[in-house]
Amino acid sequence: MPPADTRASTGNHRVDASAVTSTNPESSESSESSEPSGSERMSPGHPGYLRMRLALFTAGLATFALLYSTQALLPAISDDLRVQADQASWSVSAATFGLALAVVPLSALSERFGRRAMMTVSLTVAVVLALLVPFAPDLGWLIGLRAVQGAALAGIPASAMAYLSEEVHPKALVGAIGLFVAGNSVGGMSGRILTGWVADAWGWRAALAAVGVMALLCAASFRVLLPRARHFTPAEVSPRALARTLAGHLSDPLLCRLYAIGALFMTVFGGVYTVIGYRLVAEPFGLSQSLVGSIFLIYLVGTVSSAATGKLVGRLGRRGALYVAVSTTAAGLLLSLLNSIPAVLAGLVLITAGFFAGHAAASSAVSRTAKTGRAQAAALYQASYYIGSSAGGALGALAFHAAGWGGTVAMGLVAVVGAAAITVYATRKARAELRAEAARRDLCGVPA
């Protein structure tokens, strides 16, 4: 196949510092010249470097433990509140949808009020809501509180990357970002496992309370540990300029394809992990709530898959990596149809590996594709990604209610086919552009 488009080709999966330096469209162009020199920033050996890494690890852990705190508990919530899977699933979808809606505006507000302040306020509000969620009297209150909680959490990923790019020496930036991302992964996994085990003993409300207490400890640690920002310069936020930048990104066909691919992969992932608990607690499996929570250890596969995607892109190109991700995810969906625990677990491993590979390939291409306003381009990808999560959770549960696990798998396969179709279209378009370029060179007598 042809080489990946040079506008979006990727090497190792890394976060481009320029993509997160500023969320103000007007200041993004001049930020490089006004930055302090790299020697003034934190790096290994600096008094605040270790504190900063630990603080952002705890923030990432709390964020994703809270965001998906109800996902492993959905069967218990359904039983207690006497609601169907498609209704209970909104306790997950509402949180991710709230985050999707708030991530762009909060990323802009962090330009005015500071990254540290935004993260502190966001985490504090989210923790307060986490301590209220266990007392929700009915499903409506639970969904409403979770939606607001998701919106509050949007301020953390929207500000953390910018804080790191401003305060950390460029040579130490990848390591610092890596620990924050590790906190996200560990939080998403540990929150689900913790809720599963606590729910087995004391019920789903106690499980949510346990996650709230864990997040409270993380928030307190974050506030104590995170060094004050030394290189942040407040900037006025221009809604008109922001809207113009966002409109420019949404009119870029390549960026839109990347946003769609991210959303479609997350539709599969969100649907599968929202519904899998219902399948495993029912016959023929009959697993306990604690064992269902332990299933989320499979998330560790995603850490390995994400790290390997850079090498995969280097060998096959971005689109080649996406083909591998699509095929792996589809194979996992089909394998999970078998009524065998080993087959289901193997299917989940393939789905998880394929999802993280596809997500890594698409997300890493966004900042390289956007020539200006890279922070807004990344925020739009996050918004698309979490809209996909919301849609997947809701549609996957609806399909499960209508047709069982086969319905959820069918929904996932439709999303996978959509991602494959976009990738095929991009491949054909790239080949056509290469042929046109070769014809132009021949016409002009320019050597290839």
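To be clear, the structure that these remarks concern was listed above.
Note that the structure is a prediction, hence the values are computed from the model and not measured. (Residues numbered from 1 in each chain as written. Predicted model: local features only at pLDDT ≥ 70, side-chain atom pairs only at ≥ 80, totals over all residues. Heavy atoms only, no water.)

Chemist: Outline the overall build of the protein chain, supporting the account with residue identities and numerical values.
Modeler: Scanning the protein chain from terminus to terminus reveals 16 helices and zero strands. Restricting to contacts in the protein chain with at least 6 residues of sequence separation, those with at least 24 account for 84%. Summing over all exposed atoms, the protein chain offers an accessible surface of approximately 18100 Å²; the carbon and sulfur share of this is 66%. (Helix = DSSP H or I, 4+ residues; strand = E, 2+ residues; numbered from the N terminus. Contact = heavy atoms within 4.5 Å. Areas by Shrake-Rupley, 256 points an atom, 1.4 Å probe, with all protein chains shown as cover.)

Chemist: I'd like a description of a nonpolar patch on the surface, backed by residues and values.
Modeler: The grouping of Leu131, Val213, Leu216 and Leu217 at the surface amounts to a nonpolar patch, some 340 Å² of accessible area in total. Here the element with the most residues in the nonpolar patch is helix α10 (residues 204–225); it accounts for three residues. A relative accessible area of 40% means that leucine 216 is categorised as partly exposed. (Patch = residues over 30% accessible without salt bridge, like charges linked within 9 Å, V, L, I, M, F, W, Y side chains within 5 Å. Salt bridge = Lys/Arg side-chain N within 4 Å of Asp/Glu carboxyl O. Buried < 20%, exposed > 50% of the residue type's maximum accessible area, 1.4 Å probe, protein only.)

Chemist: Provide a residue-level description of helix α8 (residues 155–167), including the pertinent values.
Modeler: Taking 1.5 Å as the rise per residue, α8 with 13 residues should run 18 Å; its terminal C-alpha atoms sit 18 Å apart, in good agreement. Of all the 13 residues making up α8, 13 are buried; the element is thus mostly covered by neighbouring parts of the structure. (Expected span 1.5 Å × (residues − 1).)

Chemist: Before we move on, can you summarise the environment of alanine 391 with the specific residues and values?
Modeler: Inspection of the secondary structure puts alanine 391 in helix α16 (residues 374–444). Alanine 391 sits in the partly exposed class, given a relative accessible area of 28%. For the pair alanine 391 and alanine 94, spaced 297 residues apart in sequence, the C-alpha to C-alpha distance is 9.8 Å.

Chemist: Can you break down the environment of serine 78 residue by residue, with the values?
Modeler: Counting through the fold element by element, serine 78 comes out in helix α3 (residues 74–81). The class of serine 78 is buried, set by a relative accessible area of 6%. In the structure, serine 78 is positioned 200 residues away from tyrosine 278 in sequence and 9.5 Å away in space, judged by C-alpha atoms.

Chemist: Can you tell me about unusual backbone geometry, naming the residues and giving the values?
Modeler: Cis geometry is adopted by the peptide bond preceding proline 284, which originates at glutamate 283 and carries an omega value of 15°. Here proline 284 shows up in the loop between α12 (253–281) and α13 (289–294). The backbone of arginine 82 shows a phi angle near 55°, a positive value even though the residue is not glycine. Among the secondary structure elements, arginine 82 is positioned in the loop between α3 and α4 (85–88).

Chemist: Lay out the packing of helix α7 (residues 139–153) against α8 in plain terms, naming residues and giving numbers.
Modeler: In the contact formed by α7 and α8, the axes pass within 5 Å of each other and the chain directions differ by 10°. Classed by the angle they form, the pair α7 and α8 counts as roughly parallel. In contact with Ala151, Ala152 and Leu153 of α7, α8 contributes Gly155, Ile156 and Pro157. Broken down by class, the residue content of the contact of α7 with α8 amounts to five nonpolar, one polar and no charged. (Axes fitted to C-alpha atoms, helices over the stretch in contact; angles between N-to-C directions. Parallel < 35°, antiparallel > 145°, perpendicular 65-115°, else oblique. Nonpolar A, V, L, I, M, F, W, Y, C, P; charged D, E, K, R; others polar.)

Chemist: Which residues make up the packing of helix α6 (residues 115–132) against α10, and what values go with them?
Modeler: The interhelical angle for the contact between α6 and α10, taken along N-to-C directions, is 155°, at an axis separation of 9 Å. As judged from the angle between their axes, α6 and α10 are roughly antiparallel. Here the hand of the crossing between α6 and α10 comes out left-handed. Of the residues in α10, those touching α6 at Arg116, Met119, Thr120, Leu123, Val127, Ala130 and Leu131 are Leu208, Gly212, Val213, Ala215, Leu216, Ala219, Phe222 and Arg223. Considered class by class, the residues forming the contact of α6 with α10 number 11 nonpolar, two polar and two charged. (Left-handed = near helix turned anticlockwise from the far one by under 90°.)

Chemist: Which residues make up the nonpolar core, and what are the values?
Modeler: Judged by nonpolar contacts, the single largest core of 123 residues is most densely connected at Met52, Leu56 and Tyr273. When residues in this core are grouped by element, the largest group, 16 residues, is from α16. (Core = buried A, V, L, I, M, F, W, Y, C linked by side-chain atoms within 4.5 Å.)

Chemist: So what's going on with the packing of aromatic side chains? Residues and values would help.
Modeler: Inspection of the entire model under this criterion finds 13 aromatic pairs. The interplanar angle of 80° and the centroid separation of 5.4 Å between the aromatic rings of tyrosine 273 and tyrosine 299 together place this pair among those described as edge-to-face. Residue tyrosine 273 is found in helix α12, and its partner tyrosine 299 is found in helix α14 (residues 299–335); the two are separated by 26 residues along the sequence. Pair check on accessibility: tyrosine 273 and tyrosine 299 agree, each one buried. (Phe/Tyr/Trp six-rings, centres within 6.5 Å; stacked < 30°, edge-to-face > 60°.)

Chemist: Outline the side chain of aspartate 252, listing residues and values.
Modeler: With respect to the helices and strands, aspartate 252 occurs in the loop between α11 (239–250) and α12. For aspartate 252, the side chain forms a polar contact with the main-chain nitrogen of leucine 255, separated by 3.3 Å. (Polar contact = N/O pair within 3.5 Å; in protein donor to acceptor, adjacent residues only side chain to side chain.)

Chemist: Before we move on, can you summarise the environment of valine 313 with the specific residues and values?
Modeler: Positionally, valine 313 belongs in helix α14. Spatially, the C-alpha atoms of valine 313 and alanine 357 are 9.6 Å apart, while their sequence positions differ by 44 residues.

Chemist: Outline α11, supporting the account with residue identities and numerical values.
Modeler: Between its first and last C-alpha atoms α11 spans 16 Å; for 12 residues at 1.5 Å apiece the expected length is 16 Å, and the two agree. Those residues of α11 not exposed but buried are Ala241, Leu242, Thr245, Leu246 and His249. Across the axial projection of α11, the buried residues extend over an arc of 135°, all falling on one side. Turned more than 90 degrees from where α11 packs its buried face, Pro239, Arg240 and Arg244 sit exposed. (Arc of directions from axis to C-beta.)

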